[in-house]
Amino acid sequence: MPHEPSRGNSAADVRDFFTPRAADWDSRFPDDGPAYAAAVADLGPRPGGVVLDAGCGTGRALPALRAAVGPEGTVLGVDLTPAMLDAAVREGRDDFAGLALADVARLPLRDNCLDAVFAAGLISHLSDPGENLRELARVVRPGGRLALFHPVGRAALAARHGRALTPDDLRAESRLRPLLAGAGWRLESYADEDTRFLALAVRETDQAGGRADRS
């Protein structure tokens, strides 16, 4: 999902914010491509793997994800905002992935079907972060990986929007680690730098927090 904060976290709020911005979103952030590619490399999708870009926006991660899994792999991209998916198609990024209008709160995917999930700017837009991260865990096989990414770090993003970091920031390691653990993920590495934010997590064998897999 694109990385400018919205004013609310409901599906309607997200669509209302991003719809009028979709057409020129890439031109507003023209230098982010290498950071996306580097984050995909750190996620490490394997050739032949099945990967999801959750909240794919205009699809900037899709070429790198396709290159990682190769022609035998599968790349999926989902987003809440039709206008963002339309922009991805205009950019030709549907050549790299199957695109679908979907909410990460309830993905149209079977249990344990993915090897990895890439999520750019997603966590700050989730309506229920714990439940939504648990839904991502549902569709990822045990041992699969999750990348929570942003092309700038927390402090740089806050400064961009004229605000200070607050203790309730979901991306703070002290908050993110237990949030992920409660949703069935183990935080493996955490980087919060001026030039990027990247948290890599591994899907635990048994999901914590209760909801059973749906077969």
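The coordinates are above.
As a starting point, this report considers the structure included with it.

## Some thoughts on the sheet that holds strand S5 (residues 140–150)
Stage number 1. Taking strand neighbours across the sheet as the criterion, the seven strands line up as S3-S2-S1-S4-S5-S7-S6 in an open arrangement whose pairing is mixed. Because the sheet does not close on itself, it has two edges, and the strands there are strand S3 (98–101) and strand S6 (185–193). Put simply, the sheet's adjacent strands are angled 15° from each other on average, direction ignored.
Stage number 2. As judged from the three bridges shared by strand S1 (residues 50–54) and strand S4 (residues 114–120), these two strands associate in the parallel manner. Residue pairing for S4: Asp53 is matched across the bridge by Phe118.
Stage number 3. Each of S1, strand S2 (74–79), S3 and S4 touches helix H4 (residues 62–69); the most contacted strand, S2, lies at about 155° to it.

## Digging into H4
Stage number 1. Within H4 the residues assigned to the buried category are Leu62, Leu65 and Val69. In an axial view of H4, the angular spread of the buried residues amounts to 60°, which keeps them on one side of the axis.
Stage number 2. Structurally, H4 contributes buried residues whose contacts are with helix H3 (33–43), S1, S2, S3 and S4.

## Description of the pairing of S6
Stage number 1. Here S6 pairs with strand S7 (residues 196–203) via eight bridges, running antiparallel. Looking at the pairing, Arg186 lines up with Val202 of S7.
Stage number 2. Following S6, the chain reverses through two residues before pairing antiparallel with S7.

## Quick word on the packing of helix H6 (residues 129–139) against helix H8 (residues 173–182)
Working note: a packed helix pair is described by the angle between its axes plus the distance between those axes.
Stage number 1. Relative orientation of the contacting elements H6 and H8 amounts to 55°, with a least axis distance of 8 Å. It follows from the interaxial angle that H6 and H8 lie oblique. Every pair of crossing elements has a handedness; the one defined by H6 and H8 is right-handed. The residues of H8 that touch H6, namely those facing Pro129, Gly130, Leu133 and Arg134, are Leu179, Leu180 and Gly182.
Stage number 2. Residues that form the contact of H6 with H8 fall into these classes: four nonpolar, two polar and one charged.

## Looking at the pattern of salt bridges
Stage number 1. A full pass over the atoms with the stated rule returns 14 salt bridges.
Stage number 2. Here Asp192 and Arg154 are joined by a salt bridge, their closest N and O atoms 2.8 Å apart. Residue Asp192 is found in strand S6, and its partner Arg154 is found in helix H7 (residues 154–160); the two are separated by 38 residues along the sequence.
Stage number 3. For Arg154, a relative accessible area of 14% gives the class buried.
Stage number 4. Taking the shortest distance from any N to any O, the salt bridge between Glu193 and Arg196 comes out at 4.0 Å.
Stage number 5. For Glu193, a relative accessible area of 40% puts it in the partly exposed group.
Stage number 6. Linked through salt bridges whose partners overlap, the residues forming this network are Asp26, Asp32, Arg60 and Arg93.

## Overview of the packing of aromatic side chains
Stage number 1. One pass over the full model with this rule turns up six aromatic pairs.
Stage number 2. Each ring, one from Phe18 and one from Trp25, has its centre 5.5 Å from the other, and the planes form 75°; the classification is edge-to-face.
Stage number 3. Judged by its relative accessible area of 1%, Phe18 is buried.
Stage number 4. With a centroid separation of 5.4 Å and an interplanar angle of 90°, the aromatic rings of Tyr190 and Phe197 are classed as edge-to-face.
Stage number 5. When its relative accessible area of 23% is taken as the criterion, Tyr190 is described as partly exposed.
Stage number 6. Residue classification places Phe197 among the buried positions, given a relative accessible area of 1%.
Stage number 7. Three or more aromatic residues joined by ring pairs make a cluster, and in this case those are Phe17, Phe18 and Trp25.
Stage number 8. Its guanidinium or amino end placed over the ring of Phe17, Arg21 lies 3.8 Å from that ring's centre, counting from NZ or CZ.
Stage number 9. A cation sits over an aromatic face here: Arg171 above Phe197, 4.6 Å from the ring centre.

Criteria and cut-off values
Residues numbered from 1 in each chain as written. Predicted model: local features only at pLDDT ≥ 70, side-chain atom pairs only at ≥ 80, totals over all residues. Heavy atoms only, no water. Pairing = 2+ DSSP bridges. Helix = DSSP H or I, 4+ residues; strand = E, 2+ residues; numbered from the N terminus. Axes fitted to C-alpha atoms, helices over the stretch in contact; angles between N-to-C directions. Contact = heavy atoms within 4.5 Å. Buried < 20%, exposed > 50% of the residue type's maximum accessible area, 1.4 Å probe, protein only. Arc of directions from axis to C-beta. Parallel < 35°, antiparallel > 145°, perpendicular 65-115°, else oblique. Left-handed = near helix turned anticlockwise from the far one by under 90°. Nonpolar A, V, L, I, M, F, W, Y, C, P; charged D, E, K, R; others polar. Salt bridge = Lys/Arg side-chain N within 4 Å of Asp/Glu carboxyl O. Phe/Tyr/Trp six-rings, centres within 6.5 Å; stacked < 30°, edge-to-face > 60°. Lys NZ or Arg CZ within 6 Å of the ring centre and 35° of its normal.

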